[in-house]
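The lines below spell out each chain.
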Amino acid sequence: MEVKTSLLDNMIGVGDMVLLEPLSEDSFIANLRNRFDHNEIYTYIGSVVISMNPYRSLPIFTPEKVEEYRNRNFYELSPHIYALADEAYRSLRDQDKDQCILITGESGAGKTEASKLVMSYVAAVCGKGQEVNKVKEQLLQSNPVLEAFGNAKTVRNDNSSRFGKYMDIEFDFKGDPLGGVISNYLLEKSRVVKQPRGERNFHIFYQLLSGASDDTLKKLKLDRDFSKYNYLSLDSAAVNGLDDAANFRTVRNAMQIVGFMEDEVQSVLELVAAVLKLGNIEFKPESRCNGNDESRIRDKNDLKEMCELLGTEQTVLERAFSYRTVEAKQEKVCTTLNVAQAYYARDALAKNLYSRLFSWLVTRINESIKAAPKSRHKVMGVLDIYGFEIFEENSFEQFIINYCNEKLQQIFIELTLREEQEEYVREGIEWTNIEYFNNAIICDLIENHQNGILAMLDEECLRPGTVTDETFLDKLNTICAEHLHFESRLSKSSKFLTDHSLPHNCFRIQHYAGKVLYRAEGFVDKNNDLLYRDLSQAMYKANHSLMKQLFPEGNPAKVNLKRPPTAGFQFRHSVGTLMRNLQTKNPNYIRCIKPNDKKASHIFTDSLVCHQVRYLGLMENVRVRRAGYAFRQAYEPCLERYKMLCKRTWPHWRGPAREGVEVLMADLTVPAEEFSFGRSKVFIRNPRTLFFLEERRRQCLQDLATLIQKIYRGWKCRSHFLLLKKSQIVVAAWYRRYAQQNKYKRIKSATTVVQSYTRGWQARKLLRELKYQKRCEEAVTTISAYWHGTQARRELRRLKEEARRKHAVAVIWAYWKGLKVRREYRKFFRANAGKKIYNFTIQRIMQKYFLGLKSTMPSMSPIDKSWPVKPYLFLDGVHSELRRIFHLWRCKKYRSEFTEEKKAVFEEKLEASEIFKDKKALYASSVSQPFMGDYLEISKNPKYQKLNSAMDEKVLLADVVNKINRANGKGTARIFLLTKNSVVLADQKTGQVKASVPLPDLTSVSVSTQSDGFFALKLKEGSASAIKGDFLLSSEHLIEIITKLHRTGATAADSEQLNIDISDEFLVQFKHDKVCVKFIQGAPKNGNSVSCKRKNNRLLEVSVPSTV
Ligand SMILES: Nc1ncnc2c1ncn2[C@@H]1O[C@H](COP(=O)(O)OP(=O)(O)OP(=O)(O)O)[C@@H](O)[C@H]1O
Ligand SMILES: [Mg+2]
């Protein structure tokens, strides 16, 4: 039998104290020191783990370490807290045993750290998954929240738990965490209002002030400066290695992970701020007429801010600090509070507010982490309670804390020392009793229902009459005087009368872990835990939902006059419940030891460690362990567990279980001294034997597993094969079916094709036959038609021939008959017929001619020269005559439509024609131009207004003419005006009259035959006008001017007829000379204009371009 375990190999000192040789207190301490110096902080006593606080972080809590310890036997590796956690977890998972981890030790020994390590190990090794991870995270993150609100720096520990915590982690059958339940035990609330020297208030106050943003602090009406708050001790506000600001962020984050809503976090912080504000409220006395002092608030600013934070009415709270209402049996008495009472009320409120807030936090966390209700959960409880503590001044809180530790020691003793030894006796195992100190007597001193200290305290608190801490101490002195563990100066036992280390107002208890001196002062008050109803009612009235929840007794509708249970009673009750709960579970112990009092690493104070080893009863523990057996188990489960190790017991043992185990042990050749058979259990002395059994079992299980695997695999392969075969048949059947279907489909389609071809061929053949038949029928029909046609035509021809012959006969007959008749009557007609036929024919021709003429008549325009062509030669004369008559009639019609003006115009035109036609070449171009007379619009044009007004008579003609200069033949523009009586020449620009010639002074007008516009006005010799000589002028409207001159001259009754002389050479009288004006035809030049040149004194030559 050989087992290799690293617990024994390469070990520093002895890993399990059971194996320590020789066993003495010194060797025990030396072993602990040796291991501690080599960073081995864990040592076993059997299954109990001793943990030394290293006060520094060691690299033994890494994920790799977790993996190392995972699923390994307890003694297989060097001692570690992970081994204990793994053992507990596997027992819970595999053996379905509820577990509890009991962590004990004095303050600062490392209990809280150990509990966190256990939890983190379990979280790391248990199942994974989104939901499970969330549960784990919430369970782990509940720690920072509770530590912030429930831990504080004390002289013994910078992160001392000031409350007890028991956490049940619930698992399902697979070992996955489902949730948890946290129970908290009595928070040391006195710390809220007062802290011993060198200690701090709860962490959260410092964390809030250091870590909250400016904005948050402003909202909470807080100042970052700790010194502004009376409730915060200043001398140790900053703790080495504690980063409050960072921790605040961690806490907020943890609250969020645990499931706190943002408004809940805000409410919690508001209450924390309210506690700080409350501490700043101070009171001053105010004298009353009855001689009593009444308290008044000194500075109301903090009160006001606090009320604003909580939504309370300031006056209500102010009143609650000054008065107190006592209600008893329908009687209400209102008394005033003095300053001391007001301070008491204030602190009571602060303590209550904070401790209730803490309990609410636990409840709220429980709500988040609670597991869904299921039929059965496995539970692992982790107990981390405040450690045993002895301060300079110990009060009610320390008394309670130490009582709790006594109870835990008691349970340890019960289960490891007493129970074990009693079991050996019960089972009939040979056993020499081992002495140990049983602290049951101390527990009895404290919790005894009749005369225990707590019972007496309660009695004192409930007793009518004056009750003070002194009366309570008197009572203790009377009742507990004889108790071995109770010491008091004034007790009836006189042995302490001279003990000066024992003040009069104190009592001392010899706890299992040492003597502790308690000051009686405050015991009654703290046990009463009195909060004036006025204050709780004021809190209930606050407009703050969380506050309302915390002070339900303040609800006026539910006034309860019953006294609430005392703090001591409540604690004793809850510790009792806890102990009962722990006893139902399989315990796993972690005994924490503090190596020094300086919170320093590497220091091992022998005396301090020795003291702890003693009071923890570790030596006794080792002795019992060494004398006894490491392992015991009832026969049935033992046989059930190891029966596979022996062929005779495997798979079934038919006889009694004990015999089975005996056979098993004999078969395994386990040495006889290694085990004993009790009445109902087998006892195994050495862990090695257990390892051996476990190892064999593991191997056997592996073999069995291999066998099962082999059979299973064979079965699986066979079933798989059979399944494959079956499937193959099914597949083959399906495939064949499919193939046959396809083949059938192919044959079917081929048949259809062949069929269709055959049918087609037959149909075509039939069609051919039918067509042939039809053609034959058609041919027959055609032939018969042709034949009938031939017959019919032949018959028709015959009939036609016959008819023609008949007609010919009839015609010949008619001709012959006509000839005969004409010959007979010819002689009667020939005399009159010729003339009549002629007349008739002529008449017909004329009729046709006239009717034709009617339809082809030309238009009514006199200038239309068209006329229908003559039809017959003999009508030539008539045709011309008719044309002439039609033209004349047409002209007459045209004339008859003339108006008087138009008639005058045409008369002028006629006169012009008479004067110039065929005489002057210019005439032809003037025919189409209408005679406008006034070309200058002299009456309308404002430019000539003056000229117009100078005229006496109507202007018949106004035009611009060129007056030819007598000297050089060049022209000057002049306005030419003709009135009824005179001709006027005026300047074109100014309108000034240059010459005015009365018409009678004009003798003649000379013009050329050519197309020029020159004309000479010849004046009567001797007349007034003739002084300057004749006028040689040129105008574009020559024809009109001359015609109008001629007409005007003719109409003037008194004047002679004006002569119009038309020739290419005429004489003009220029002053005294007569100049010949000669018109010659020249080549066109200078833009086809007429040029006039004075050749000499007698000749003025006018060259007219031939084309003009
Ligand atoms: N395993 C460890 N590794 C490193 N430091 C440790 C370890 N255990 C404890 N400590 C240190 O010791 C300090 C005190 O430990 P812890 O708070 O666990 O004591 P405690 O037993 O819970 O005390 P109390 O009863 O006052 O709550 C820790 O803050 C930590 O600095
Ligand atoms: Mg702690």
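Data block above holds the structure.
All figures in this text were calculated on a predicted structure; none of them were measured in a lab. All chains use their own residue numbering, which begins from 1 and follows the written sequence. The naming scheme follows written order: chains are lettered A onward, ligands numbered 1 onward. Thresholds applied to this predicted model are a pLDDT of at least 70 for local features of residues and 80 or more for the giving and counting of side-chain atom pairs; totals over whole chains, interfaces and linings are not thresholded and use all residues. Side-chain metrics in this entry use all non-hydrogen atoms of the structure; hydrogen atoms and water are not considered.

1. Describing the overall build of the chain
Looking only at helices and strands, the chain has 32 helices and 31 strands in total. We compute the radius of gyration over the C-alpha atoms and compare it with the globule rule, which gives 2.2 Å times the number of residues raised to the power 0.38. For 1108 residues, the compact-globule formula gives about 32 Å, and the C-alpha radius of gyration of the chain, at 76 Å, lies well above that figure. Burial status across the chain gives 46% buried among its 1108 residues. Two residues qualify as a contact provided that any one of their heavy atoms is within 4.5 Å of a heavy atom in the partner residue. The contacts in the chain between residues at least 6 apart in sequence include a share of 64% that link residues at least 24 apart. Using a 1.4 Å probe, the Shrake-Rupley method yields the accessible areas, and only the shown protein chains count as cover for residues. As displayed, the chain offers around 59300 Å² of accessible surface, 54% of which is attributable to carbon and sulfur atoms. Counting 171 positive and 134 negative side-chain charges, the chain places the centres of these two groups 20 Å from one another. In DSSP terms, a helix is any run of H or I states spanning at least four residues, a strand is any run of E spanning at least two, and both are numbered starting from the N terminus. Exposure categories follow from relative accessible area, calculated using a 1.4 Å probe and restricted to protein chains: below 20% of the type maximum is buried, above 50% is exposed, and the middle band is partly exposed. The convention is simple: Lys and Arg are positive, Asp and Glu are negative, and His and the chain ends are not counted. To locate a charge, the coordinates of NZ of Lys, CZ of Arg, CG of Asp or CD of Glu are taken.

2. Quick look at the coordination of the magnesium ion (ligand 2)
Listed donors are limited to N, O and S atoms within 2.8 Å of the metal, widened to 3.2 Å for Na, K and Ca; water is not among them, so incomplete-looking sites are possible. Binding of the magnesium ion (ligand 2) to the protein goes through Thr112 (OG1) and Ser161 (OG), at separations of 1.9 to 2.1 Å. Note that Thr112 is positioned in helix 4 (residues 111-125) and Ser161 in strand 5 (residues 160-161), a separation of 49 residues in sequence. Across the pair, exposure class does not vary: Thr112 and Ser161 are buried alike.

3. What to know about the pattern of salt bridges
Salt bridge, as used here: a side-chain nitrogen of Lys or Arg that lies within 4 Å of a carboxyl oxygen of Asp or Glu. Under the definition given, this model contains 57 salt bridges. For Lys228, the salt bridge goes to Asp223, with nearest N and O atoms at 3.1 Å. For Lys228, a relative accessible area of 44% gives the class partly exposed. Salt bridges sharing partners connect three or more residues here, namely Arg162, Glu188, Arg191, Glu199 and Glu389.

4. A look at the site of ligand 1
By convention in these notes, a residue is near a molecule or strand provided one of its non-hydrogen atoms lies within 4 Å of it. Around ligand 1 lies a shell of 19 residues, among which Asn53, Ser107, Thr112, Ser160 and Ser161 are the nearest. Any pair of nitrogen or oxygen atoms within 3.5 Å is treated as a polar contact; in protein, a donor-acceptor pairing is required on top of that, and neighbouring residues in sequence qualify only through side-chain atoms on both sides. Contact distances for ligand 1 include 3.3 Å between an oxygen atom and a backbone N or O atom of Ala109. At 2.8 Å, a backbone N or O of Lys111 approaches an oxygen atom of ligand 1. Contact with the protein chains removes 86% of the 630 Å² of surface that ligand 1 exposes when unbound. At the level of secondary structure, the elements contributing two or more residues to the shell around ligand 1 comprise helix 4 and strand 5. Considering each element in turn, the shell around ligand 1 owes the most residues, three residues, to helix 4. Split by residue class, the shell around ligand 1 holds five nonpolar, 10 polar and four charged. As a working rule, the residues Ala, Val, Leu, Ile, Met, Phe, Trp, Tyr, Cys and Pro are called nonpolar, Asp, Glu, Lys and Arg charged, and the rest polar, with Gly in that last group.

5. A few points about the state of the cysteines
For this text, the term disulfide refers to a pair of cysteine sulfurs within 2.5 Å. All told, the structure shown has zero disulfides when counted by the stated rule. Free cysteine Cys480: the closest other cysteine sulfur is in Cys443, separated by 14 Å. By relative accessible area, Cys480 is classed as buried at 3%. The closest cysteine sulfur to the non-disulfide-bonded Cys1092 is located on Cys1076, 12 Å from its own sulfur.

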